[in-house]
Every structure is written in C-alpha cells, then in structure tokens.
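In case you want the letters, here they are:
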Amino acid sequence: MQHISTLQQSLASDFYQAHHAWLNGWVRKKLSCVFDASDVAQDAMIKVIYHQDILNIQEPRAYLTTTATRLIIDLVRKRKLEAAYVDALCYQHEEVAASPDHVREAVETLNQIVTMLEGLPEKVYRAFLLYKLEDMGYVEIAEQLNVSTSMVKQYMARAMLHCYQVVYAEDN
C-alpha cells in the first residue's frame, strides 16, 4: 500500500472539506437517488484525491464534475445492463427460470463486463453490447448507431482488442 505523508493527508482533508458538500449537492441534482448521489460523490472525491496531484488542479470543481459525470455514466450503463438482464429473466418460463445464485452470478458477470468496457467511446461500447447481448448483426448495429457497416467492424475490433488487453493485463 502506498504511504501517505502527513502533508498529503492534510491536503486531502482540506480538499475534501472544501469540495465534498458542494459536489454531493451537484450530483444529487443529477440523480434521483440520494444514496447513489452520495456514493458517486464519494467515489469522485476518492478518485481525485488518490489519483491526482490536487495541488496542480486549477479548477477543482470542474475537475470533480467531470469525474462525477463519468461515474454517473458508468452507473447508468451498469443499471441499464442489470435491468435488461432482469427483464430477460422475467420473460423466461417459470420452469426454466434461473435460481437466485444464477441471477447473482450473471449480474456479477455483467458488472465485470461493464467494468472491462469502461473507457471505450460510447459508440464502440454500444456496438459491442448490441452485438453480444442483443444478438444484432453488423448491418442492424450500423442502422441503429447511424454509421456504416465498416465502422461497426472497426468498433468491434477496437472493443475486442480492448477486452483482450484488459484480460491480459489482469493475468500479469
């Protein structure tokens, strides 16, 4: 674990006290759930404090809102994916309905996929999900995303390469 000096702790504490309440209020305006807002605000603060040199951040609130916005996007993507899976389960016949353990494992797997795909541009991410989860072909995806079929091929190649790099990096 990384050693944090007393000066770094003091700077982090000052930064947190100066901006957390404001950021939490800003995120609450964006989300309908107070609990999600608190989680996103806290995660944004942690990301900024532990991954950035806070002394060199010239516009802390702009930096925090950008970080929080990205976390909100990730949260919304994750919730949509979970909801789609739950909806699919609802349509299954009772005799073949998944067990609670199966549902939990599937949601965990979906969360891992979402995490793996973080950082991809929106259209690349959507193309990958449409192909893998909706079982759409490249032509259908191209129509949905309003791009050419060759662009969808490029999106898929980029997504697959990204997934390979994430998995390969985790193995090392």
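A quick note: this is a predicted structure, and the numbers were derived from the prediction, not measured. (Residues numbered from 1 in each chain as written. Predicted model: local features only at pLDDT ≥ 70, side-chain atom pairs only at ≥ 80, totals over all residues. Heavy atoms only, no water.)

**Looking at the overall build of the chain**
Moving on, step 1. On a plain count of helices and strands, the chain comes out with seven helices and zero strands.
Moving on, step 2. Its helices and strands taken in sequence order, the chain reads α-α-α-α-α-α-α from the N to the C terminus.
Moving on, step 3. Looking at the chain as shown, the accessible area adds up to about 11800 Å², and 53% of this sits on carbon and sulfur atoms. (Helix = DSSP H or I, 4+ residues; strand = E, 2+ residues; numbered from the N terminus. Areas by Shrake-Rupley, 256 points an atom, 1.4 Å probe, with all protein chains shown as cover.)

**With respect to helix H4 (residues 100-117)**
Moving on, step 1. Taking 1.5 Å per residue as the helical rise, H4 with its 18 residues ought to reach 26 Å, and the 26 Å between its terminal C-alpha atoms agrees with that figure.
Moving on, step 2. Taken together, the buried positions of H4 are occupied by Ala106, Val107, Leu110, Asn111, Val114 and Leu117. Relative to the axis of H4, the buried residues are bounded by an arc of 140° and lie together on one face. The exposed residues of H4 that point more than 90 degrees off its buried face are Gln112 and Thr115. (Expected span 1.5 Å × (residues − 1). Buried < 20%, exposed > 50% of the residue type's maximum accessible area, 1.4 Å probe, protein only. Arc of directions from axis to C-beta.)

**Some remarks on the packing of aromatic side chains**
Moving on, step 1. For the structure shown, the criterion picks out one aromatic pair.
Moving on, step 2. It is arginine 77 that lies over the ring of tyrosine 125; its NZ or CZ is 4.1 Å from the centre. (Phe/Tyr/Trp six-rings, centres within 6.5 Å; stacked < 30°, edge-to-face > 60°. Lys NZ or Arg CZ within 6 Å of the ring centre and 35° of its normal.)

**So, the nonpolar core**
Across soluble globular proteins, you tend to see nonpolar side chains buried next to one another.
Moving on, step 1. Among the nonpolar cores identified, the biggest contains 24 residues, and Leu117, Phe128, Ile141 and Leu145 are the most heavily contacted of them.
Moving on, step 2. Elements that contribute at least two residues to this core include exactly helix H3 (60-91), H4, helix H5 (122-132), helix H6 (138-145) and helix H7 (149-171).
Moving on, step 3. With six residues, the top contributor of residues to this core is H5.
Moving on, step 4. With residues up to four places along the chain from it excluded, the contact list for leucine 145 reads Lys123, Arg126, Ala127, Leu130 and Tyr155.
Moving on, step 5. If you look at the next biggest cluster of nonpolar residues, it comprises 19 residues, including Phe15, Ala37, Ile54 and Leu75. (Core = buried A, V, L, I, M, F, W, Y, C linked by side-chain atoms within 4.5 Å. Contact = heavy atoms within 4.5 Å.)

**Brief notes about the environment of valine 107**
Moving on, step 1. Tracing the backbone shows valine 107 in helix H4.
Moving on, step 2. Non-local contacts of valine 107, meaning those with residues more than four positions away in its chain, are made with Glu82 and Tyr85.

**Some details on the side chain of histidine 162**
Moving on, step 1. Along the polypeptide, histidine 162 turns up in helix H7.
Moving on, step 2. Taking relative accessible area as the criterion, histidine 162 reaches 18% and is therefore assigned buried.
Moving on, step 3. Discounting residues that sit within four places of it in the chain, histidine 162 has contacts with Met116, Leu117, Glu118 and Leu120.

**So, the confidence of the model for the chain**
Moving on, step 1. Per-residue pLDDT for the chain averages 82, and the proportion of residues at 70 or more is 89%.
Moving on, step 2. Per-element confidence in the chain is highest for H6, whose mean pLDDT is 91, and lowest for H4, whose mean pLDDT is 77. (pLDDT = per-residue confidence, 0-100.)

**Focus on the pattern of salt bridges**
Moving on, step 1. Across all of its chains, the model carries five salt bridges by this definition.
Moving on, step 2. Among the salt bridges present, the one from aspartate 36 reaches arginine 79, with a minimum N-O distance of 2.8 Å. With aspartate 36 in helix H2 (residues 34-51) and arginine 79 in helix H3, this pair connects stretches of sequence that are 43 residues apart.
Moving on, step 3. The exposure class assigned to arginine 79 is partly exposed, which follows from its relative accessible area of 40%.
Moving on, step 4. In this structure, glutamate 122 engages arginine 77 in a salt bridge whose closest nitrogen and oxygen atoms are separated by 2.5 Å. (Salt bridge = Lys/Arg side-chain N within 4 Å of Asp/Glu carboxyl O.)

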